[in-house]
Amino acid sequence: MSRLLLLHTPHITSFHRQTLTSFLSNSKPHPSLSSLQFHHHRFSLSLFVSPSSPSPSLPLRTFSEGKTKKINSSESSSVKDSEYPSGEFQFEEFNWWRKFTVKLKMLTALPWERVRKGTVLTMNIRGQISDQRKSRFSSGLSLPQICENIVKAAYDPRISGVYLHIETLSCGWGKVEEIRRHIFDFQKSGKFIVAYVPACREKEYYLACACEEIYAPSSAYFSLFGLTVQASFLREVQRFGKYKSAGDQLIRKTMSKENCEMLTALLENIYGNWLDKVSSTKGKTREDLENFINDGVYQVERLKEEGWITNIRYDDEVISMLREKLGLPKDKQVPMIDYRKYSRVRKWTLGLSGGKDQIAVIRASGSISRVRSPLSASGSGIVGEQFIEKICTVRESKRYKAAIIQIDSPGGDALASDLMWREIRLLAASKPVIASMSDVAASGGYYMAMAAGTIVAENLTLTGSIGVVTGRFNLGKLYEKIGFNKEILSRGKHAELLAADQRPLRPDEAELFAKSAQNAYMQFRDKAAFSRSMPVDKMEEVAQGRVWTGKDAASRGLVDAIGGLSRAVAIAKLKANIPQDRQVTLVELSRPSPTLPEVLSGIGNTLVGGIQARMDGIMFQRLEGYSYANPIFALIKDYMSSL
């Protein structure tokens, strides 16, 4: 699988030199590996520690003749989703004393925290949405701050309602689901929330239809035509594994049967969820919505006629309606505050600060690497050694009652993933640890999550992908064309395995190459079985590199509960014996989100390493924001990004 386009969302695969061939459990060493035309530059034969019996400090689960045996029932993955607290938002009116204290705090608030009474909170939700908090000087949107602003606005007596501008989104379904949940929660406050959608596809409409009213200009771009999956291929070389499809773009001419099966299941899950949720929200039947989609409707007038939007209005007309809603005279402007300014208003000012019990929140977003590259800036991706420092800080501190690890990662370096798994396990032995998945927590991302006592995912989180990938370049023909010659003197039978990129692998080298990756896969699979208290043979059925939606992963024992951060907090309180009605303080240990240069340098950082536990190809990115962008450009951009 090289590119997945969901919601007309062309994906630009972050294809890596290492991630060219999949080696899964039913793979066998094969002499034809010598035909591989690629080479990865570093390779370790001891990436994983053998999953032997855990030390006494880890009493959660243990192995027994290849199967797992449950030790601590409170940490068992057999607990059903319905047995966990929902963490559902409950809006409660402040009593007279809390109202009085809030007014006092507002009187003494800093200048940038002051808001006029009757103000409307406006937020432009479009483009990339980071899973990590942004610093005051960083641009772009942050999921934690979007959700926090909505919660603050629900309780802020100065805020009368929310006005959302929703345009083309470049994030996954997990983040959209979380924002949508907060929109529904906000409505419990009795305040209005209105959406304006000048450009709208399925993902944007999914978010907008959660609002009370939807407005669009007569010239709006509406493209509610359904969801697609696409794959492009360049050449044929040897490929191993059933579902682990990273690198298919350069190693196949057609989509494999297993890959097609997996993508079809993912597509049906996402499309079915969209049909069910949207039709239910708009008071229609699923058949009504499907017929509407199949009619290929693009006229805004028909959207209004059939009740899919509230009315056709320009932005200034919607603002005039809000003025009337607020009871303001025509010569008065509607007081508004934007997302960035409102983010400066502290929860303390609104009387929403947490209690004395503290829960650590560690956000892990991006590709996984083991150490920071000298050329990369701080804050890009998940750096194993830095993440482990945070885990150790939480483990050694008595102030934290529990920890939540928020994961949004397609994986990366397998060794780094394993080292983080171990540290999370050590933390889970001393206090409750909850893994909360966002858009994607697959391969190395799932490796991290499975170390936690409980895993929470959104319905449409992409997760699983329990497998490893690696590859080797053969640059012999390229060297011939450019007149380059390379000769190697070596000692040791396999000394040239990594160095000799001017020739194909010998049969004995190919066998060693495949066996090493096979061993890495079995280590990953067995630790997944161990972590989830599942027999290895049962884990094998759901592993093999297959990607699942959160909903399907939950039904197969890979995930414990469906929900977002609020549910993860509720479960953490349950595990830490904190009453559900008691407020807690969430302490963020993560740094602000990286800037674009940091992200770009982080991409380069992932190109160097050994075996990769990563899921490439199922991401939700856009090529120039349009589904009809030239696929050749996408292919070139895909390939160039790997160099």
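Attention here is on the structure that accompanies the text.

The rules behind each value
Going along each chain's sequence as written, the residues are numbered from 1 onward. Thresholds applied to this predicted model are a pLDDT of at least 70 for local features of residues and 80 or more for the giving and counting of side-chain atom pairs; totals over whole chains, interfaces and linings are not thresholded and use all residues. Water and hydrogen atoms were dropped before computing side-chain values, which therefore reflect all heavy atoms in the structure. Segments assigned H or I by DSSP are reported as helices when at least four residues long, segments assigned E as strands when at least two residues long, and all are numbered from the N terminus. Exposure classes here rest on a 1.4 Å probe applied to the protein chains alone. A residue is buried below 20% of its type maximum, exposed above 50%, and partly exposed in between. Contacts: residue pairs with any heavy atoms within 4.5 Å of one another. Note on areas: Shrake-Rupley, 1.4 Å probe, and residue coverage restricted to the protein chains presented here. One requirement defines pairing of two strands: DSSP has to find at least two bridges between them. For helices, the fitted line uses only the C-alpha atoms of the stretch in contact; every axis is such a line through C-alpha atoms, and the angle between N-to-C directions lies from 0 to 180 degrees. Here is the rule: rings of Phe, Tyr and Trp (six-membered ring for Trp) pair when centre to centre is within 6.5 Å. Planes less than 30 degrees apart are stacked, more than 60 are edge-to-face, and the remainder are tilted. Ring-over charges, as used throughout, are those where CZ of Arg or NZ of Lys falls within 6 Å of the ring centre and within 35 degrees of the ring normal. We count a salt bridge whenever a side-chain nitrogen from Lys or Arg sits within 4 Å of a carboxyl oxygen from Asp or Glu. Orientation categories follow fixed angle ranges, with anything under 35 degrees roughly parallel, anything over 145 roughly antiparallel, 65 to 115 roughly perpendicular, and all other angles oblique. Crossings are assigned a handedness: left-handed for a near helix turned anticlockwise from the far helix by less than a right angle, right-handed for a clockwise turn. Under this grouping Gly is polar, as are all residues other than the nonpolar Ala, Val, Leu, Ile, Met, Phe, Trp, Tyr, Cys and Pro and the charged Asp, Glu, Lys and Arg. Put simply, a nonpolar core is a bunch of buried Ala, Val, Leu, Ile, Met, Phe, Trp, Tyr and Cys residues held in one set by side-chain atoms that sit within 4.5 Å of each other. One fewer than the residue count of a helix, multiplied by 1.5 Å, yields its expected span. Polar contacts, as counted here, are pairs of nitrogen or oxygen atoms within 3.5 Å of one another; within protein the pair requires one atom able to donate a hydrogen and one able to accept it, and residues that are adjacent in sequence qualify only if both atoms are side-chain atoms.

On to the overall build of the protein chain, then. From N to C terminus, the protein chain includes 20 helices and 28 strands. A burial count over the protein chain gives 59% of its 643 residues as buried. Of the contacts made within the protein chain by residues no fewer than 6 positions apart, 76% connect residues no fewer than 24 positions apart. Of the accessible surface of the protein chain, which amounts to about 26700 Å², a share of 52% is contributed by carbon and sulfur atoms.

Attention now goes to the sheet that holds strand β11 (residues 213-216). Judged by pairing direction, the sheet is parallel, and its six strands sit side by side in the order β13-β11-β9-β8-β5-β14 without closing on themselves. Edge positions in the sheet fall to β13 (311-312) and β14 (336-338), since each has one partner strand and no second. Judged from the three bridges that link them, strand β5 (residues 119-127) and β14 form a sheet pairing that is parallel. Bridge pairing in β14 links Thr122 to Asp338. Across the sheet, helix α2 (residues 143-155) is in contact with β5 and β8 (159-169); its angle to β5 comes to roughly 160°.

This part is about the packing of aromatic side chains. For any two aromatic rings, the description comes down to two numbers: the centre-to-centre distance and the angle of the planes. This model, assessed by the stated rule, comprises eleven aromatic pairs. Ring geometry for Tyr447 against Phe524: centres 4.4 Å apart, planes inclined by 20°, an arrangement best described as stacked. A residue pair is termed long-range when its members are at least 10 positions apart, and Tyr447 in helix α13 (residues 444-449) and Phe524 in helix α15 (residues 507-531) qualify at 77 residues. Linked through ring pairs, Phe89, Phe91, Phe94 and Tyr155 together constitute an aromatic cluster. Over the face of the ring belonging to Phe94 we find Arg98, whose NZ or CZ atom lies 4.0 Å from the ring centre. A cation over a ring is seen here: Lys152 above Tyr342, with NZ or CZ 5.0 Å from the ring centre.

Where burial is concerned, most of helix α18 (residues 565-575) is hidden: eight out of the eleven residues are buried. Here α18 has its buried residues at Leu565, Arg567, Ala568, Val569, Ala570, Ile571, Ala572 and Lys573. Just downstream of α18, Asn577 is the residue with a positive phi angle, here 60°.

A separate point is the pattern of salt bridges. Counting across every chain of the model gives 28 salt bridges. Here the salt bridges do not stand alone but share partners, grouping Arg133, Glu148, Lys152, Arg363 and Glu588 into one network.

Direction vectors running N to C along helix α3 (residues 173-187) and helix α6 (residues 257-281) enclose 15°, while the axes themselves pass 13 Å from each other. In terms of axis orientation, α3 runs roughly parallel to α6. α6 is crossed by α3, and the crossing has left-handed handedness. Within the contact between the two elements, α3 uses Trp173, Glu177, Arg180 and Phe184 and α6 uses Ile270, Asn273, Trp274, Lys277 and Thr281. Grouping the amino acids of the contact of α3 with α6 by side-chain chemistry returns four nonpolar, two polar and three charged.

Attention now goes to the nonpolar core. In this structure, Ile129, Leu164, Tyr205, Phe222, Trp274 and Tyr342 are the most contacted members of the largest nonpolar core, which totals 67 residues. Tallying contributions element by element places α2 first for this core, with seven residues. Those residues in contact with Ile129 that sit more than four places away from it in its chain are Leu141, Ser142, Leu143, Ile146, Leu169, Cys171, Lys175 and Ile179.

We now examine helix α12 (residues 414-428). Its 15 residues place the ends of α12 21 Å apart at the C-alpha level, agreeing with the 21 Å of an ideal helix rising 1.5 Å per residue. With 13 of its 15 residues buried, α12 lies for the most part within the structure.

Mapped onto the elements of the fold, Lys191 is located in the loop between α3 and β9 (192-196). Sequence separation of Lys191 and Gly161 is 30 residues, and the distance between their C-alpha atoms is 5.2 Å. In this view, Lys191 contacts Ala153, Ala154, Tyr155, Asp156, Pro157, Ile159, Ser160, Gly161, Phe186 and Glu212; residues no more than four positions away in its chain are not counted. In terms of polar contacts, Lys191 uses its side chain to reach the backbone carbonyl oxygen of Ala153, at 2.7 Å. At 2.6 Å, the side chain of Lys191 and the backbone oxygen of Asp156 are in polar contact.

For the rest of this paragraph, the subject is unusual backbone geometry. The phi dihedral of Ser465 falls on the positive side, at around 55°, and the residue is not glycine. Its place among the elements puts Ser465 in the loop between β22 (462-464) and β23 (469-470). Using a relative accessible area of 2% as the deciding quantity, one classes Ser465 as buried. Of note, Ser533 is a non-glycine position whose phi angle comes to about 50°, a positive value.

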